[in-house]
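Architecture and fold: a report
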Amino acid sequence: MRSLLPVTDQTPAERTGPPTGARTPADPGARTAGTRASGTGRAWSLDELADAYAYPALPADGAWLRANMVSSLDGAAQHEGRSQPLSSDADMRIFGTLRALADAVVVGAETVRREGYRPARAREAFAARRRAAGQGPAPAIAVVSASLALDFSLPLFTEPLVPTLVLTGAAAPPERLREAERAGVRVLIAGEGRGVEPATAVRVLAEQGLRRLLTEGGPRLLGHFMAAGVLDELCLTLSPTVTAGDSQRIAHGPAMAVPARFTLAGVLEEDGFLFTRYQRV
Ligand SMILES: NC(=O)c1ccc[n+]([C@@H]2O[C@H](COP(=O)([O-])OP(=O)(O)OC[C@H]3O[C@@H](n4cnc5c(N)ncnc54)[C@H](OP(=O)(O)O)[C@@H]3O)[C@@H](O)[C@H]2O)c1
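In this report, we go over the structure that sits alongside the text. Given the structure is predicted, the values throughout are model-derived calculations rather than measurements.

1. Examining the environment of Ala90
- Assignment of secondary structure puts Ala90 in helix α2 (residues 89-101).
- Take Ala90: there are 24 C-beta atoms within 10 Å of it, and that puts it in the buried class.
- Sequence separation between Ala90 and Phe275 is 185 residues; the distance between their C-alpha atoms is 9.1 Å.

Shown next, in the form of structure tokens:
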């Protein structure tokens, strides 16, 4: 993997050693992240990836909402209903690193239903970093749903290391609320109607001490967050694939009146995949 931005002495592919500005793992045996692809530089350790994607320092009452999405070259956010065909080993390492840095992973109910979401696991490679940041062993998953049409008997709800949360509106179906309660699932109300209001969702999670937020979509949830102007950062993987067809883009829903401007904060590359990081201006 190499950093194209910021430009470092790792930008030319063939050099060795840690990228300038990135922390050298204190442990010489620290694990490296995956395989080295020819022409794409050496593998980065998980520590180096975690440094590159560190959340900014936040004020006491602040929160930071980052999204991590993958898109094909022609803009598809999924192929045959899943994002995995667009992904790569390096993409999954970054996906895992972003999870490991987060207090909570916010995800739309349809992604949970379609992708068979499981609870986040504790990873030894990030344990010390999480402890030092005052975080539990793994991020909480926070599922956003208006209908609460979720299978509460799934491991996501029955076996998490950190209890899975459900965010919904005050007008959520009462029988489904009772079902969630019977299953011992914690439901947080983050909207006055049926739906969740994005700014309220961020505030409600922050009140739970969950301030380093990561959303993994899907497109309809991300569309809501974008349109409400609460997205601080987009970690977008550009996958060197084309799919044609009529797949959704990474954000879907009513258009914003004026395009919101983001600024490029970083670009990593491996195997032709670009791992971009954009932040709200
Ligand atoms: N390319 C990527 O990086 C990526 C990432 C994630 C997912 N995906 C793909 O995206 C597809 C699923 O995405 P999607 O856009 O159809 O669905 P989604 O955004 O994952 O979920 C939509 C559902 O989330 C709930 N929801 C969203 N916004 C809400 C709000 N403001 N208030 C209350 N509930 C809200 C609703 O759940 P209820 O219906 O329960 O009310 C809604 O039906 C899958 O094929 C998945 O593979 C791709």
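What follows picks up the thread again.
2. A short note on the sheet that holds strand β5 (residues 165-168)
- Sheet architecture is open: 10 strands sit in the order β1-β9-β10-β8-β2-β7-β3-β4-β5-β6, paired in mixed fashion. At either margin of the open sheet sits one strand with a lone partner, and together these are β1 (2-5) and β6 (186-189). For this sheet the average axis-to-axis angle between neighbouring strands, irrespective of direction, equals 25 degrees.
- Bridge count for strand β4 (residues 140-144) against β5 is three bridges, and the pairing is parallel. Directly across from Val143, in β5, lies its bridge partner Val166.

3. A closer look at the site of the ligand
- Around the ligand sit 30 residues, and of these Gly108, Glu110, Thr111, Gly217 and Gly218 come closest.
- Counting residues per element, the shell around the ligand draws most heavily on helix α3 (residues 109-115), at five residues.
- Of the residues contributing to the shell around the ligand, the split by class is 11 nonpolar, 13 polar and six charged.

4. Here we look at the pairing of β6
- The pairing of β5 with β6 spans four bridges and is classified as parallel. If you follow Leu167 over to β6, its bridge partner there is Leu188.
- Running through helix α6 (residues 174-182), the crossover from β5 to the neighbouring parallel element β6 is right-handed.

5. Considerations on the nonpolar core
- The biggest cluster of nonpolar side chains holds 70 residues, and the ones touching the most others in it are Ala104, Val105, Ile141, Ala142, Val143, Val144 and Leu213.
- Leaving out residues up to four positions away in the same chain, Leu213 has contacts with Ala63, Trp64, Leu65, Arg66, Ala102, Asp103, Ala104, Val106, Val202 and Leu205.

6. Looking at the environment of Arg114
- By the secondary structure assignment, Arg114 is in helix α3.
- Taking C-alpha positions, Arg114 is 7.2 Å from Gly81, a pair spaced 33 residues apart along the chain.
- Dropping the residues within four chain positions of it, Arg114 is found in contact with Gly81 and Arg82.

About the cut-offs
Residues numbered from 1 in each chain as written. Predicted model: local features only at pLDDT ≥ 70, side-chain atom pairs only at ≥ 80, totals over all residues. Helix = DSSP H or I, 4+ residues; strand = E, 2+ residues; numbered from the N terminus. Buried ≥ 20, exposed ≤ 12 C-beta atoms within 10 Å, placed from the backbone. Pairing = 2+ DSSP bridges. Axes fitted to C-alpha atoms, helices over the stretch in contact; angles between N-to-C directions. Near = placed C-beta within 6 Å. Nonpolar A, V, L, I, M, F, W, Y, C, P; charged D, E, K, R; others polar. Right-handed = clockwise from strand over helix to strand, strands pointing away. Core = buried A, V, L, I, M, F, W, Y, C linked by C-beta atoms within 7 Å. Contact = placed C-beta atoms within 7 Å.

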